[in-house]
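# A structural walkthrough
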Amino acid sequence: MGCCGSTERAKREWKPLEDRSCTDLPWFLLFTLFCIGMGAICGYTIVTGGAARLVFGYDSYGNTCGQLNEAIEGVRLSGLDHRDRKYVFFLDPCNIDLVQRKIKSMALCVSLCPTEEMRTYADLRRFAMSNSESHTSQRKPVSVFFSAYSALFCPLSPASSLCSKALPVFNRCTPVDISCYSKFAEAVVTFVSDNTVLHRLIAGVVASKEIIVGLCLLALVLSMILMVIIRYISAVLVWILTFIVVLGSLGGTSVLWWLYIDHRLTMNETVVKDLKEASKDHMQALLVYAISATVFTVILLLLMLFMRKRVALTIALFHVAGKVFIHLPLLVLQPFCTFLALFLFWVYWILVLLFLGTTGIPEKNEETGLTEFRLSGPLQYLTWYHAVGLIWISEFILACQQMTVAGAVVTYYFTRDKNKLPLTPILSSVLRLMRYHLGTVAKGSFIITLVKIPRLILMYIYNQLKGKENACARCLLKACICCLWCLEKCLNYLNQNAYAATAINSTSFCTSARDAFVILVENALRVAAINTVGDFVLFLGKILIVTCTAFAGVLALNYQRDYTEWVLPLIIVCLFAFLVAHCFLSIFEIVVDVLFLCFAIDTKYNDGTPGREFYMDKALMVEHQHKASNTETDCSSITVQLVASKETDLHCL
């Protein structure tokens with residue numbers, strides 16, 4: 001369980017092992033116990049009736065609709081038999097505070113929702129009596145109840161909507177008249193009633209729903225195609241990036257020097273003393289900017305000249321990554337599987353959170369006299385436990401995706417004859433993960449959770465301090481948030497490489513992280529080149545997919561001549577296209593990173609001699625041999641110089 005207490009073998013062959021063992025087993029047990037705790041929270045809400053109260057609804061006296069209830073001590077009209085009353089009727093449906101979980105409106109269980117608008121007290125009384133006929137023993141309390149509150153919630157007005165016709169939605173009587181909800185969205189209602197722009201936007205979406213679906217599918221297909229063909233266009237994208245950077249740096253520096261010279265000439269022609277002093281200040285500032293830009297440009301050009309060979313390695317890795325997707329086509333399904341797993345978990349998490357909102361000890365509100373359910377004592381920490389579960393399990397699912405992809409890519413790289421690859425490397429990687437390495441994934445995701453929770457707490461505090469005068473505290477919080485964000489990104493990258501090392505050697509998380517970190521440090525310049533150039537190429541790929549999808553959308557929507565109707569459909573399509581491209585190209589990025597780690601390991605522990613042959617692809621072999629030949633040439637020239645120096649010394653003697 002500790003980081004440094006590994007008893008694994010010190011010498012490893014650095015290739016996928018057939019004989020594996022479970023890694024980080026204590027963390028797997030801890031994660032299992034945590035998941036059992038998450039399930040126990042759900043079970044607690046179901047056993048205590050919180051789930052039933054959310055699903056079926058409950059009245060203002062703690063009675064669950066559609067059930068035979070037990071009496072609550074000290075609560076009047078509790079313990080009623082509501083088996084024939086399955087719907088919740090709110091006398092003032094606009095007076096419900098969901099954020100504070102306080103029912104400010106009087107609620108009753110009824111057998112039927114009102115089928116017509118109730119404009120008079122007689123209509124309300126008749127509705128009350130019709131909903132209490134089946135239980136004569138409860139008829140008087142219910143009738144008195146309706147009569148007492150009729151003057152407050154249903155005033156005698158033809159325009160009254162508080163007691164309007166209602167439809168049953170999720171066992172709640174929902175008013176048909178939407179003007180009832182003007183208290184929640186008065187500004188929106190005013191905008192809709194006074195402006196036709198929103199109506200036209202919505203109409204454009206409805207009229208173009210088939211086109212929107214088609215364009216979303218087009219973005220999906222383009223993302224899949226790009227993952228295969230990006231190896232052919234990566235070199236072009238890299239040269240475009242190089243051209244833009246060089247042109248931008250030289251152009252910016254030239255403009256600054258031109259402005260400086262222009263101000264200098266202007267200052268020499270200026271006669272007025274004050275204007276001359278002001279021009280001198282501007283000239284000095286421009287001189288500082290021009291010199292800084294010149295230094296930056298020179299350093300940038302030297303770096304690009306020095307790292308041009310490492311950029312070639314990035315292009316080679318992109319080329320091999322395209323081959324990986326050809327040999328392992330099921331990799332393109334990983335975003336779907338991950339999204340489905342996250343979606344199902346998030347739905348479950350939200351449901352349990354809503355169950356917790358209606359779970360707890362019934363308490364009588366002294367202000368309104370209504371009954372509320374609240375978690376008190378140690379039970380109030382269940383919500384925090386549930387919130388931590390959202391972060392840890394979500395990170396666990398994402399980590400499982402990284403481990404699965406890493407395992408498949410490792411299998412591909414360290415198989416010399418690609419025709420002898422396993423029938424389903426992806427499925428084999430999933431089974432290997434589930435059998436041996438769930439503890440490693442749990443530990444890595446927990447480390448990310450430990451960093452993410454403080455960052456989210458600080459973000460909440462930072463938002464609460466908005467508008468306050470304590471600017472220093474907000475600045476410090478912002479700095480802490482940025483530092484934690486950077487730390488989280490670094491840990492994510494290290495975790496991903498640790499999972500790849502685990503997939504190779506079946507070592508624990510900390511041992512794999514240490515080994516991967518050492519290899520990455522030894523290849524720091526290569527890592528920098530891959531992460532800068534590679535990320536920009538992938539970003540250009542995302543922009544390419546969004547642009548192509550938007551262009552196709554403009555052509556498809558061309559028959560709708562009103563430009564206003566184009567806006568919302570195009571925005572929806574572009575957002576979906578960027579999201580899909582990000583998901584798929586993130587898988588491509590993981591593949592590139594894992595390939596680089598395998599390449600670094602291959603070049604470190606193998607030299608191409610018999611018995612220590614390379615595993616790398618031909619494209620990577622060419623790049624490695626080119627680098628090795630340059631190194632050998634440099635070493636030979638150094639040797640010649642040393643020999644010549646020794647001969648000169650001997651001649652002098």
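Residues numbered from 1 in each chain as written. Predicted model: local features only at pLDDT ≥ 70, side-chain atom pairs only at ≥ 80, totals over all residues. Heavy atoms only, no water.

- As annotated in an unreviewed UniProt entry, the protein chain carries the name Choline transporter-like protein and is attributed to Astyanax mexicanus.
- A UniProt comment under Function (unreviewed entry) is attached to the protein chain, and it reads "Choline transporter."
- Regarding the protein chain, the relevant UniProt record gives this comment under Sequence similarities (unreviewed entry): "Belongs to the CTL (choline transporter-like) family." (UniProt positions renumbered as here; feature names shortened; annotations may be inferred.)

## A short note on the overall build of the protein chain
- Counting its regular elements, the protein chain contains 17 helices and eight strands.
- For the protein chain, the proportion of its 653 residues judged to be buried stands at 41%.
- Counted over contacts in the protein chain with a minimum sequence separation of 6, partners at least 24 positions apart contribute 72%.
- Carbon and sulfur atoms form 68% of the exposed surface of the protein chain, whose accessible area is close to 35800 Å². (Helix = DSSP H or I, 4+ residues; strand = E, 2+ residues; numbered from the N terminus. Buried < 20%, exposed > 50% of the residue type's maximum accessible area, 1.4 Å probe, protein only. Contact = heavy atoms within 4.5 Å. Areas by Shrake-Rupley, 256 points an atom, 1.4 Å probe, with all protein chains shown as cover.)

## Considering the state of the cysteines
- Evaluation of the coordinates by the stated rule reveals one disulfide.
- A disulfide-free cysteine, cysteine 483 has its sulfur positioned 6.4 Å from the sulfur of cysteine 480, the nearest such atom. (Disulfide = S-S within 2.5 Å.)

## A few points about a nonpolar patch on the surface
- A cluster of nonpolar side chains, namely Phe339, Leu340, Phe343, Leu344, Val347, Ile350, Leu351 and Leu354, defines an oily patch on the protein surface of about 760 Å² accessible area.
- For phenylalanine 339, the location among the structural elements is in helix H10 (residues 334-357). (Patch = residues over 30% accessible without salt bridge, like charges linked within 9 Å, V, L, I, M, F, W, Y side chains within 5 Å. Salt bridge = Lys/Arg side-chain N within 4 Å of Asp/Glu carboxyl O.)

## Quick notes on the packing of aromatic side chains
- Applying the stated criterion across every chain yields a total of 14 aromatic pairs.
- Ring geometry for tryptophan 27 and phenylalanine 446: centres 5.2 Å apart, planes at 45°, overall tilted. Of this pair, tryptophan 27 sits in helix H1 (residues 25-47) while phenylalanine 446 sits in helix H12 (residues 425-464), and the two are 419 residues apart along the sequence.
- On the basis of relative accessibility, which here comes to 11%, the residue tryptophan 27 falls in the buried class.
- The exposure class of phenylalanine 446 is partly exposed, given its relative accessible area of 23%.
- On the basis of an interplanar angle of 85° and a centroid distance of 5.9 Å, the ring pair of tryptophan 257 and tyrosine 260 is categorised as edge-to-face. Here tryptophan 257 pairs with tyrosine 260, and both are found in helix H7 (residues 209-269), just three residues apart, close to one helical turn.
- A residue is classified by how much of its surface remains accessible, and tryptophan 257, at 30% relative accessible area, is partly exposed.
- Residue tyrosine 260 is classed as buried on the basis of its relative accessible area of 11%. (Phe/Tyr/Trp six-rings, centres within 6.5 Å; stacked < 30°, edge-to-face > 60°.)

## What to know about the side chain of serine 506
- Within the secondary structure, serine 506 is located in the loop between helix H13 (471-505) and helix H14 (509-522).
- Separated by 3.2 Å, the side chain of serine 506 and the backbone oxygen of serine 21 make a polar contact. (Polar contact = N/O pair within 3.5 Å; in protein donor to acceptor, adjacent residues only side chain to side chain.)

## Brief notes about the pattern of salt bridges
- Applying the stated criterion to the full structure yields five salt bridges.
- With a shortest N-O distance of 2.7 Å, aspartate 81 and arginine 83 are connected by a salt bridge.
- For aspartate 81, a relative accessible area of 14% puts it in the buried group.
- Take arginine 83: its relative accessible area is 47%, and that puts it in the partly exposed class.
- Here lysine 452 ties to glutamate 488 by a salt bridge, and the two come within 3.3 Å at their closest N and O atoms. Taken together, the positions of lysine 452 in helix H12 and glutamate 488 in helix H13 put the pair 36 residues apart, joining distant regions of the chain.
- Through salt bridges that share partners, Glu395, Lys452, Arg455 and Glu488 make up one connected network.

## Topic: the packing of H12 against H13
- The geometry of H12 relative to H13 is characterised by a closest axis approach of 9 Å and an angle of 170° between their N-to-C directions. Between H12 and H13, the angle falls in the class roughly antiparallel.
- The residue inventory of the contact of H12 with H13, partitioned by class, reads 17 nonpolar, seven polar and five charged. (Axes fitted to C-alpha atoms, helices over the stretch in contact; angles between N-to-C directions. Parallel < 35°, antiparallel > 145°, perpendicular 65-115°, else oblique. Nonpolar A, V, L, I, M, F, W, Y, C, P; charged D, E, K, R; others polar.)

## With respect to the packing of H1 against H12
- At a closest axis distance of 7 Å, the pairing of H1 and H12 adopts a crossing angle of 70°. The orientation of H1 with respect to H12, classified from their angle, is roughly perpendicular. Mapping the contact onto sequence places Trp27, Phe28 and Phe31 in H1 and Leu438, Gly439, Ala442, Lys443 and Phe446 in H12.
- When the residues that make up the contact of H1 with H12 are grouped by side-chain class, the tally is six nonpolar, one polar and one charged.

## A closer look at the nonpolar core
- Within the largest apolar cluster, 60 residues are counted, with the highest numbers of intra-cluster contacts made by Tyr413, Phe588, Val591, Leu595 and Leu620.
- For this core, the elements supplying multiple residues, two or more each, are H7, helix H9 (308-327), helix H11 (382-413), H13, H14, helix H15 (524-556) and helix H16 (564-605).
- The element best represented in this core is H16, accounting for 17 residues.
- Of all hydrophobic cores here, the second largest spans 22 residues; its members include Phe31, Ile393, Ile397 and Val441. (Core = buried A, V, L, I, M, F, W, Y, C linked by side-chain atoms within 4.5 Å.)

## Notes on the layout of surface pockets
- Put simply, the largest pocket is a space of about 1300 Å³.
- Along the wall of the largest pocket there are 41 residues; nearest its centre are Leu398, Gln401, Gln402, His582 and Ser586.
- Those elements that provide at least two residues to the lining of the largest pocket are H7, H10, H11, H12, H13, H15 and H16.
- Residue contributions to the lining of the largest pocket peak at 11 residues, all from H16.
- Grouping the amino acids of the lining of the largest pocket by side-chain chemistry returns 21 nonpolar, 12 polar and eight charged. (1 Å grid on protein atoms, 1.4 Å probe; cavity = no way out; pocket = protein on both sides within 12 Å on 5 of 7 lines; lining within 4 Å. Points joined across faces, edges and corners; volume = space filled by probe spheres on them.)

## Remarks on the environment of isoleucine 519
- Secondary-structure assignment places isoleucine 519 in helix H14.
- In this structure isoleucine 519 comes out as buried when scored by relative accessible area, which is 3%.
- On a C-alpha basis, the gap between isoleucine 519 and alanine 600 in space is 7.0 Å, while along the polypeptide they are 81 residues apart.

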